[in-house]
Structure formats: C-alpha cells, structure tokens
Amino acid sequence: LKRAARLAPAPCRWNSGLPMNIGVLFVPQQEAWVVERMGKFHRILEPGLNFLIPLLDRIRYVQSLKEIVINVPEQSAFTLDNVTLQIDGVLYLRVMDPYKASYGVEDPEYAVTQLAQTTMRSELGKLSLDRVFRERESLNASIVDAINQASDCWGIQCLRYEIKDIHVPPRVKESMQMQVEAERRKRATVLESEGTRESAINVAEGQKQAQILASEAEKAEQINKAAGGEANAMLVKARAKAEAIQLLAAALAQQHGNAAASLSVAEQYVNAFSKIAKDSNTVLLPANTGDVTNMVAQALGIYTTLTKPQAVKTQDEMPPAHEDSHSPATEVLKPEQGSSS
C-alpha cells in the first residue's frame, strides 16, 4: 500500500499524467477518478481505499470537486451606444458530475472560458456605457445564468462571475470626467440657489415678525398711554375747566360782573383781530369791524340768552319763602342796560 501511494502522482484536472493502476489505490478527498475497463466507462472511484484489476482497468480522468477559479482574459466589447470597452473577469465554477465533465466536453476549462467571453460580449451589447457601471451586479448575474444554461450538459456549475476591470478609451474617459464635473457644478449651483432662496425666506420672515412685534409694541404703548398719562391729563384738564367755569360763574354772579365780562369779551375781540393777519394772507372782516361796542353788545346778548333758562330753572327750584320776584328781572335788565350803553 505504501508503494502504491508513493507511485501515485499528485492528482490534477485534465492532466495527462494520470495515476497508474497497481491494484490498490487511495483516492484523496474532494477528487473523483474516472475508471475505464477495456476502454469503456466502468465506475468512478470514491475518496479512500479502492481496488482495481491491473491491465484491465485504467484511470482515464481525475476530476477535482473543489471550487475552481479561472481568469477570463481581457477582451474588447461594444456597448449599446457603440463605445469600445476592454473588460476582463474571474469565473468561479465547480464540477458537479464527474462523468459529464469527462465525457461531455473535451476541455471543460477552455469551454467555460470561451462561453464566459462570448456571454460577456453579448450582455454588454445590450447596455449603454452608463448602465454598464451602474448595473454591474445585474451584468454578473446575467452572465452566470447564461453559462449555467449552456454548461449543464458538461456537469459543471458556474457559481459566480465577477468583472475585474473595465477600461474605456482615453477620449471617452475625458468626456466622462467632463460630464462628472458638469454634474457637480450643476449640483453646486442648485444648492447655492436653494441656500439663497432659504436665506431670502428667512430674512423676509424675520422682517415680518419684526414688523408684527413693532406694531404690537406700538399698540400696547398707545393703550398704556391712553389708559395712563393721557387719560389722567384729560381728567385733570376737565376738572380744571370745570373749576374755571365755576369760578367764572361765581364772579359773574357778583356785583359789576357784567362789566367785567364785557371787558373780557372786548379784549378777546381785539386780540382775535390782531392774530388774523398772522395766520393767513386772506382776511375776512365784518362790515362793522370798528364798532367794538356793538360787537360786545351782541356777545353779551348771546350770553344773556344762554343764561336766562338756567336762571329761570334755579328760581323754580328755590322754596317759595325765599323767592324774590324782582331779582331775575333786575339781572336780566343789567345786561340790557350794559348793551345799550
């Protein structure tokens, strides 16, 4: 047995140096030895101890059941938009049926490599240049499906296919770089315009809020003024005016009050005419401007007419014991005498 193991060379796929049949053979793990008896397929030796008949049995093929990695050579292919690409890949496959792998095809490795190249060119012709880079995974999956459909009768299963490198012509590469730069400039311009727009919106919102707050503050200030200082000032003025009217009424009720009233009206009359020319260039004067006595008499007559109903009301409210029938007449005649004078 030791001699047989020593004489058996290292197993390899599709190698002409096959193990010699010495009757007792040891098959390594993950290998399948195809045995022919008198030129006809006999059986497949399993890993471990196996016995064969010398001279009649011959080990014809040694198939490795491990996953095999095959480099697909670089090749040129045309895309859908007529761009020439230099592309290569890596193929991962495994022998699933040693019998089909031995008798279904002469050289399985070469057959699968050629099938991978043709399938890659066919799939690339269906895609444009931009989609080749974006849909790289789908391209790999399509190549694997196409290889498995064709290699099923060979007893080989393609597990994965990976594209290693894709080389584009220099001019196409320059145009792609220009396209990328233009796209980046476009994005930068769009982002800048969006930033300007957001900034303008924020400024407008800030101005709007500032105006709203300013108007609310002004409104609150006016309310505070109306409720505070101005209201108090109006009350003070009203009280002062009421006290002044009361004092004036008391003064007029005293002796010679009408004469004092006549003097005050005359002074106000003269002062009013002295200020007319200062306010405007156009002055409207009555026909009897120089007749001061007549103007004063008219003013006192209006005053007497306004105070007469008040005096009569006061007499009606007084008790009968204190009524003086001559006093109202006397007070009414005094203004008349003053006006006639």
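Our subject is the structure listed above.
Cut-offs used in this document
Residues numbered from 1 in each chain as written. Predicted model: local features only at pLDDT ≥ 70, side-chain atom pairs only at ≥ 80, totals over all residues. Heavy atoms only, no water. Pairing = 2+ DSSP bridges. Helix = DSSP H or I, 4+ residues; strand = E, 2+ residues; numbered from the N terminus. Axes fitted to C-alpha atoms, helices over the stretch in contact; angles between N-to-C directions. Contact = heavy atoms within 4.5 Å. Salt bridge = Lys/Arg side-chain N within 4 Å of Asp/Glu carboxyl O. Buried < 20%, exposed > 50% of the residue type's maximum accessible area, 1.4 Å probe, protein only. Patch = residues over 30% accessible without salt bridge, like charges linked within 9 Å, V, L, I, M, F, W, Y side chains within 5 Å. Areas by Shrake-Rupley, 256 points an atom, 1.4 Å probe, with all protein chains shown as cover. Core = buried A, V, L, I, M, F, W, Y, C linked by side-chain atoms within 4.5 Å. Phe/Tyr/Trp six-rings, centres within 6.5 Å; stacked < 30°, edge-to-face > 60°. Lys NZ or Arg CZ within 6 Å of the ring centre and 35° of its normal.

## As for the sheet that holds strand β6 (residues 67–78)
In sheet architecture, strand pairing relies on hydrogen bonds along the backbone and comes in two forms, parallel and antiparallel. What the 3 strands build is an open sheet, ordered β6-β7-β8; its pairing is antiparallel. Since the sheet does not close on itself, it has two edges, and those belong to β6 and β8 (156–167), each with one partner. When strand polarity is set aside, the average angle formed by the axes of neighbouring strands in this sheet is 20 degrees. Of the strands in this sheet, β6, β7 (84–95) and β8 touch helix α3 (residues 108–124), which is tilted by about 40 degrees from β6. Strands in contact with helix α5 (residues 136–151) are β7 and β8; relative to β8, the strand with the most contacts, it is inclined by about 140 degrees.

## Here we look at the pattern of salt bridges
If you walk through the whole model with that rule in mind, you get 6 salt bridges. Salt-bridge contacts for K126 lead to E123; the nearest nitrogen and oxygen are separated by 3.7 Å. Here E123 falls in the buried class, since its relative accessible area comes to 15%. Ionic pairing is found between E198 and R197, a salt bridge with its closest N-O pair at 3.5 Å.

## Let's talk about a nonpolar patch on the surface
On the surface, a nonpolar cluster with roughly 310 Å² of combined accessible area is contributed by F26, L49 and F51. Structurally, F26 can be placed in strand β1 (residues 24–27).

## So, the nonpolar core
Core analysis: the largest hydrophobic core is formed by 30 residues, its most contacted members being L91, I147 and Y161. Listed by contribution, the elements that provide at least two residues to this core are β6, β7, α3, α4 (129–134), α5 and β8. Top element by residues in this core is α3. It accounts for 6 residues. Apart from the residues within four sequence positions on either side, Y161 is in contact with V72, D88, G89, V90, L91, A116, M120, N140, I143 and V144. Counting 9 residues, the second largest nonpolar core, distinct from the first, contains L18, L25, L45 and L52.

## Digging into the packing of aromatic side chains
The relative placement of two aromatic rings is captured by the distance of their centres and the angle of their planes. Inspection of every chain in the model, using the stated rule, returns 4 aromatic pairs. With centroids separated by 6.0 Å and ring planes inclined at 80 degrees, the aromatic side chains of F41 and Y103 adopt a geometry described as edge-to-face. You can see F41 sitting in strand β3 (residues 40–45) and its partner Y103 sitting in helix α2 (residues 98–103), a full 62 residues away along the chain. Among the residues examined, Y103 registers a relative accessible area of 32% and is labelled partly exposed. Note on Y61 and Y103: the rings are 5.5 Å apart at their centroids and 80 degrees apart in plane angle, and the pair reads as edge-to-face. Within this pair, whereas Y61 is found in strand β5 (residues 57–64), its partner Y103 is found in helix α2, the two being separated by 42 residues in sequence. An aromatic cluster is built from F41, Y61, Y99 and Y103, whose rings are joined through pairwise contacts. One cation-aromatic arrangement involves R60 over Y61; the distance from NZ or CZ to the ring centre is 4.9 Å. The aromatic ring of Y92 is capped on one face by R160, whose charged end is 4.5 Å from the ring centroid.

## Observations regarding the sheet that holds β3
In space, the 3 strands of this open sheet follow the order β3-β2-β5, with antiparallel pairing throughout. Both outer strands of the open sheet, β3 and β5, are each paired with one neighbouring strand and no more. Looking at each pair of strands side by side, their axes are set apart by 25 degrees on average, direction ignored. Here 5 bridges tie strand β2 (residues 31–37) to β3, and the two strands are oriented antiparallel to one another. By the bridge assignment, W33 is partnered in β3 with L45.

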